[in-house]
Amino acid sequence: MSPPSWRSVLREGQRSGAPSRVSESAVAIVGSGIAATAVARELVRAGYDVVLFERGPEYPYPHAQQFREKIYLLHESPRYALPPDVKALTLSGDYAHDLNRETISVIGGSATHWGATTPRMAPEDFRTGSLYGYGDDWPIGYEELEPYYCRAEAMLGVSGTDADNPFAPPRTQPYPLPPFELSWSDRLLTERLSRRGIVLHTSPQARTRVSYDGRPECLNFGTCSFCPIGACYSPGHHLKRLKATARCTVYPRTVVRRIVADAQGHARAIVHRPVEGGADYEHAARAIVVAAGAIESARLLLLSADTRHPDGLGNAGEQVGRHFVFHHMWNGTLQYPEPLYAGRIGVMTGMSQQFRTTPERGRHGALRVDFSSNFLGDLPKPPDDASPDDVVRMLRPFASCRGIVLETESAPSPRKYVTLSGECDRFGDPLAHVQYEAGDFEHENFVFARSVAERFASATGAEIAAFVAEDRYHSAWHHMGTCRMSAGPADGVVDSFGQVHGCPGLFVAGSAVFVGCSGASNPTLTLVALALRTAEQVAGLLGRG
Amino acid sequence: MTLTRRRFVLGMLGLLAVSGLGLGIAHWQPLRRVRERYYDLEVDVPPGPLDEETRATLLAVVTAFLGEPLVLAHYEQFLSWRAANLPGQRGLYQRVAGLLDGASQRANGCALRVCDPEARERLLGDLLRFRRSRPRRLAAVLTRRDLLLLDVHVLRPVLRLFARTDAWVRLGYRAWRGTPRGLEAYRRVPAVLEKRPA
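The residue count restarts for each chain, going from 1 along the sequence in the order it is written. Chains carry letters and ligands carry numbers; both start at the beginning, A for chains and 1 for ligands, and go up in the order they are written. Confidence filtering applies because this is a predicted model: local features only for residues at pLDDT of at least 70, side-chain atom pairs given and counted only at 80 or more, and all residues used for totals across whole chains, interfaces and linings. The basis for the side-chain values is all heavy atoms of the structure; hydrogens and waters are excluded.

Caption draft 1: Representation of the overall build of chain B. The helix and strand labels rest on DSSP assignments: H or I over at least four residues marks a helix, E over at least two residues marks a strand, and numbering proceeds from the N terminus. Secondary structure summary: chain B contains 10 helices and 0 strands in total. In chain B, the succession of α and β elements from N to C terminus is α-α-α-α-α-α-α-α-α-α. Each residue is assigned to one of three classes by its accessible area relative to the maximum for its type, calculated with a 1.4 Å probe on protein chains only: buried under 20%, partly exposed between the two thresholds, exposed over 50%. Considering chain B as a whole, with its 198 residues, one finds that 42% of them fall into the buried category. Contacts in chain B between residues far apart in sequence, at least 24 positions, make up 60% of those at least 6 positions apart. Carbon together with sulfur atoms contributes 59% to the accessible area of chain B, which is approximately 11,300 Å² in total. Only heavy atoms matter for contacts: two residues are in contact if any of them lie within 4.5 Å across the pair. Only the protein chains shown count as covering a residue, and every accessible area follows the Shrake-Rupley method with a 1.4 Å probe.

Caption draft 2: Looking closely at the overall build of chain A. When you go through chain A residue by residue, the secondary structure sums to 10 helices and 18 strands. Using C-alpha atoms as the atom set, the radius of gyration is obtained and then compared with a globule rule of 2.2 Å times the number of residues to the power 0.38. The globule rule puts the C-alpha radius of gyration for 545 residues at 24 Å, and the 23 Å found for chain A is close to it. Dimensions of chain A along its principal axes, counting C-alpha atoms only, are 70 × 50 × 45 Å. In chain A, which comprises 545 residues, the share counted as buried stands at 63%. The long-range share in chain A, meaning contacts at least 24 apart out of those at least 6 apart in sequence, stands at 74%. Carbon and sulfur atoms provide 51% of the accessible area of chain A, an area that totals close to 18,900 Å². Here the positive residues are Lys and Arg and the negative ones are Asp and Glu; neither His nor the chain ends is included. For this purpose, a charge sits on NZ of Lys, CZ of Arg, CG of Asp or CD of Glu. Seen as two clouds, the 54 positive and the 59 negative side-chain charges of chain A have centres 4 Å apart.

Caption draft 3: Geometry of the state of the cysteines. Residue and element names in this part refer to chain B. Disulfide: a pair of cysteine sulfur atoms within 2.5 Å of each other. Applying the stated criterion across every chain, the model contains 1 disulfide over all chains. Between the sulfur atoms of C110 and its disulfide partner C115 the distance amounts to 2.4 Å. With the S-S dihedral at roughly 105°, the linkage between C110 and C115 falls on the right-handed side. You can call C110 buried: its relative accessible area is 19%. Under the relative-accessibility criterion, C115 is labelled buried at 4%.

Caption draft 4: Molecular detail of a negative patch on the surface. Residues E68, D116, E118 and E121 of chain B make up a contiguous surface patch of negative charge. Along the polypeptide, E121 of chain B turns up in helix 6 (residues 117–127). Patches were defined on residues exceeding 30% relative accessible area and lacking a salt bridge, with like-charge contacts within 9 Å and nonpolar side-chain contacts (Val, Leu, Ile, Met, Phe, Trp, Tyr) within 5 Å. Here a salt bridge means any side-chain nitrogen of Lys or Arg lying within 4 Å of a carboxyl oxygen belonging to Asp or Glu.

Caption draft 5: Broad picture of the nonpolar core. In this text, buried Ala, Val, Leu, Ile, Met, Phe, Trp, Tyr and Cys residues form a nonpolar core when linked through side-chain atoms within 4.5 Å. Within the largest apolar cluster, 193 residues are counted, with the highest numbers of intra-cluster contacts made by I29, L156, I259, F456 and L506 of chain A. In contact with L156 of chain A, other than residues within four places in its own chain, are I34, W114, T118, A206, R215, Y233, L525 and V528 of chain A.

Caption draft 6: Structural view of the interface of chain B and chain A. The partner chain A presents 46 residues to the 40 residues of chain B that form the contact. The term buried area denotes the loss of accessible surface (1.4 Å probe radius) that occurs when two parts are joined, taken as the sum for both partners. Roughly 4,200 Å² of surface becomes buried between chain B and chain A when both sides are summed, with 63% attributable to carbon and sulfur atoms. In this assembly, chain B and chain A are joined by 2 salt bridges. Two residues, D384 of chain A and R156 of chain B, come together in a salt bridge whose shortest N-O distance is 3.2 Å. Any pair of nitrogen or oxygen atoms within 3.5 Å is treated as a polar contact; in protein, a donor-acceptor pairing is required on top of that, and neighbouring residues in sequence qualify only through side-chain atoms on both sides. Applying the counting rule to chain B against chain A returns 15 residue pairs in polar contact (both at pLDDT 80 or more). Every element with two or more residues in the side of chain B that touches chain A is listed here: helix 3 (52–66), helix 4 (72–85), helix 8 (145–164), helix 9 (166–171) and helix 10 (191–194) of chain B. Partitioned by chemical class, the residues of the side of chain B that touches chain A number 22 nonpolar, 6 polar and 12 charged. Amino acids outside the nonpolar list (Ala, Val, Leu, Ile, Met, Phe, Trp, Tyr, Cys, Pro) and the charged list (Asp, Glu, Lys, Arg) are all regarded as polar, and Gly is one of them.

Caption draft 7: Helix 1 (residues 34–45) of chain A, seen in detail. Residue and element names in this part refer to chain A. Counted at 1.5 Å a residue, the expected span for helix 1 with its 12 residues is 16 Å, and the 16 Å between its end C-alpha atoms agrees. With 11 of 12 residues buried, helix 1 lies mostly within the body of the structure. Here helix 1 has its buried residues at I34, A35, A36, T37, A38, V39, A40, R41, E42, L43 and V44. With its phi angle positive at about 100°, G47 sits one or two positions after the end of helix 1. To estimate the expected span of a helix, count its residues, drop one, and scale the result by 1.5 Å.

Caption draft 8: Structural detail: the sheet that holds strand 12 (residues 367–372) of chain A. All names here are of chain A. Pairing between two strands requires that DSSP report at least two bridges joining them. Read from one edge of the open sheet, 6 strands run 4-11-12-13-10-16, paired in antiparallel fashion. The sheet is open, and its two edges are formed by strand 4 (201–202) and strand 16 (464–467), each paired on a single side. Here 4 bridges tie strand 10 (residues 328–335) to strand 16, and the two strands are oriented antiparallel to one another. Paired with G332 across the two strands is F467, which belongs to strand 16. Between the N-to-C directions of two axes lies an angle of 0 to 180 degrees, each axis being a line fitted to C-alpha atoms and, for a helix, fitted only over the stretch in contact. Across the sheet, helix 9 (residues 440–460) touches strand 10, strand 11 (350–352), strand 12, strand 13 (401–408) and strand 16, and the angle it forms with strand 12 is around 45°.

Caption draft 9: View of the pattern of salt bridges. Residues and elements named next belong to chain A. Inspection of the entire model under this criterion finds 49 salt bridges over all chains. E76 is the partner of K70 in a salt bridge, and the nearest nitrogen-oxygen pair spans 3.8 Å. Linked by salt bridges that have partners in common, R41, E42, R45, R151 and E536 make up one network.

Caption draft 10: Local environment of the environment of G91 of chain B. All names here are of chain B. If you trace the backbone, G91 turns up in helix 5 (residues 89–108). Look at G91 and you get buried, because its relative accessible area is 2%. Sequence spacing of G91 and D151 is 60 residues, and the spatial spacing of their C-alpha atoms is 15 Å.

Caption draft 11: Spotlight on helix 6 (residues 236–244) of chain A. All names here are of chain A. Within helix 6 the residues assigned to the buried category are G236, H237, H238, L239 and L242. Contacts from the buried residues of helix 6 go to helix 1, strand 2 (50–53), helix 4 (142–156) and strand 5 (248–251). Just downstream of helix 6 lies A246, where phi reads positive at about 70°.

Caption draft 12: Just the packing of aromatic side chains, in detail. Residue and element names in this part refer to chain A. For Phe, Tyr and Trp, rings pair up if their centres lie within 6.5 Å, where Trp contributes its six-membered ring, and each pair is then called stacked (planes under 30 degrees apart), edge-to-face (over 60) or tilted (otherwise). Summed over the entire model, instances satisfying the criterion amount to 23 aromatic pairs over all chains. Consider the rings of Y95 and F326, whose centres lie 4.8 Å apart with planes at 55°: the pair is tilted. Here Y95, found in the loop between strand 3 (89–93) and helix 3 (128–132), pairs with F326, found in strand 9 (residues 325–326); they are 231 residues apart in sequence, far enough to count as distant. Across this residue pair, the class does not change: Y95 and F326 are buried. By way of ring pairs, the aromatic residues Y95, F324, F326, Y436 and Y473 are connected into one cluster. Both a distance and an angle decide whether a charge sits over a ring: NZ of Lys or CZ of Arg must be within 6 Å of the ring centre and within 35 degrees of the ring normal. Positioned above the aromatic ring of Y175, the side-chain terminus of R171 is 3.6 Å from the ring centre. Directly above the ring of F497 sits R533, whose terminal nitrogen or CZ lies 3.9 Å from the centroid.

Caption draft 13: Seen up close, the packing of helix 4 of chain B against helix 8 of chain B. All names here are of chain B. Where helix 4 contacts helix 8, the two axes come as close as 11 Å, and the packing angle between them is 135°. Considering their axes alone, helix 4 and helix 8 lie oblique with respect to each other. For helix 4 against helix 8, the interelement crossing comes out right-handed. Between helix 4 and helix 8, the residues in contact are H74, Y75, F78, L79 and R82 and H153, V154, P157, V158, L161 and F162, respectively. Across the contact of helix 4 with helix 8, the residue classes break down as 8 nonpolar, 2 polar and 1 charged. The cut-offs work like this: below 35 degrees is roughly parallel, past 145 is roughly antiparallel, 65 to 115 is roughly perpendicular, and the gaps in between are oblique. In this scheme the crossing of two helices becomes right-handed for a clockwise turn of the near helix relative to the far one and left-handed for an anticlockwise turn of less than a right angle.

Caption draft 14: Up close: the confidence of the model for chain A. Looking at chain A as a whole, the pLDDT averages 93, with 94% of positions reaching at least 70. Contacts from residues 1–16 of chain A, a stretch scored under 50 in pLDDT, to residues over four places away or in other chains number 40 contacts. Per residue, pLDDT captures the predictor's confidence, and it can take any value from 0 to 100.

Caption draft 15: Layout of the side chain of E146 of chain A. Inspection of the secondary structure assignment puts E146 of chain A in helix 4. Taking relative accessible area as the criterion, E146 of chain A reaches 6% and is therefore assigned buried.

Caption draft 16: Focus on the environment of Y233 of chain A. All names here are of chain A. Inspection of the secondary structure puts Y233 in the loop between strand 4 and helix 6. Once the C-alpha coordinates of Y233 and V158 are considered, the two residues, 75 residues apart in sequence, prove to be 8.8 Å apart. At a separation of 2.8 Å, a polar atom in the side chain of Y233 contacts the side chain of H238.

So this is what it looks like as structure tokens:
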């Protein structure tokens, strides 16, 4: 199945009216999330002026006010929401969740609310094509990326240890911060698992076990994807500092509509417009970095079609939007006969990477298992006629259960892609359309994950093990691919440094450049490491004039 | 009595028709709109700070409704913030506080906020009995709109806040999600289990 032709969707009128050129900088970055922040930080440090364009609103940092509103006032502030005719996409296939809610458009992007679990990919994850026969090998290997992993860990302030994890990939530098120890209930379950040969270990996390880089020590609020004090990394930490240098400007509520390339294919400017509407503006830059997430980055390259690039920028090989993958995550609940009172709520303290690479890898993909108590964030609303005693009764089972998270790979396929939609945003630009459908490989992953989960349940003495159905898989909020790295334009969109094939000066940063899934590891640390490498390349380009 | 086939079929058809009609009415858009409008708040009083008497009466209601132990301060913040920020809330709070104080005056000879806890609980128990019975709720629709609004706009949100906070302490947790609990306690045996006999 091929992506449908979207050219007809681009309206003729969309190109009408020449925007007035009003500004310029050395670097323009589309997006203000964690990849954009990593690139901006490196380039500002190297002495370049950087401007970031974010369609979402300001989002104060640290997120104390937002925390108070959400946790204590039960209030979803409309200040942080974008209108649906600005932030929307269309979806086909079998994905059962609301994909549009999986990205957060505010200054700082989705990493303003994240689990902050930051494992590295394993060396073999970069070579699944040649080693296991699924996906493709990356044009960059673990050894090449390892120094950037160290820098990414230093930037995010990762707490961790490999002392209890025999499956950790090799590293040249220790974690910048000591680990978060397992909770009492994790230790209890770890002992039971070890009797059956299963290793549960601590997980690396981008939150501060001790104070670090101006961020305070974690106080264990338990709302870990939403930290009021900045212990959990949020791009706001660095953006605030960058803005103070006067070399970095961040424009909120600004939609980038297209990238302008000259006759030689050099990216020269972006065209943007305020969310509220009005005229288009042009911002010229010597380097442009698109860091808007896997879906919106592909959309912007497609929207930037011109006479020289009729299929969109970087799309000579018709690769933009392809190789789109999610992690496939299934959550379960293990109910125990005794109370556990999971103490550290909202974060995965216990993790097992033992099932990443088994002898059967190839028939199925990598698997990671986490113990979590994150379900506490999704508590059912009490019934209308409930009494306080009813509420306590309703919560009682939570005291003796643990969440189990099964995170597996998926493989690129022609049934998974991003293209342009037939529906348009308020400016008349086509929205992104996502087609996503699980296949046989993902089914095998599910079967494998369930069998491992049953082993966990049995080894830990769970009385009840309940899992979501196979077709209710969740992306884990991890969207990867669409502008993947490759040696040339025939099989990808960017080179291993993130520069778009055939478009000097145009770069893509973020998980969009992944060749496939990041194994069973959360993608954020890897995308930050790659973004730091891209920033070096951009600085080199600017340095050469 | 023997049930003939004809009677059975007619009975089943009648049952189906009644259920269909009931479902239709429940989901009929105009009726749903009327129902939603019924719970809409008047915005005659602009958002703003709560006066002391209203605040005290509302907290007396929260204490009687939720029971103890309870950290009253965050319910106070919750209701004050809603009064100051959400349209219609302050006016509702003032009206129901007046209503409850009046009822308490008649029943106990004192305003609700200064009554003794038993009298408060007794009065609220009577007034809020409709919450747990469908026929009583239906009757309240016709006669006690302010109490229904109290339920929808005060008690239910307060209960949701309770479910995220104090309910966990009643369940046996040291503290709830959203309080700074430090990095030591979570590694120890929970206090509630330490107290149990071996």
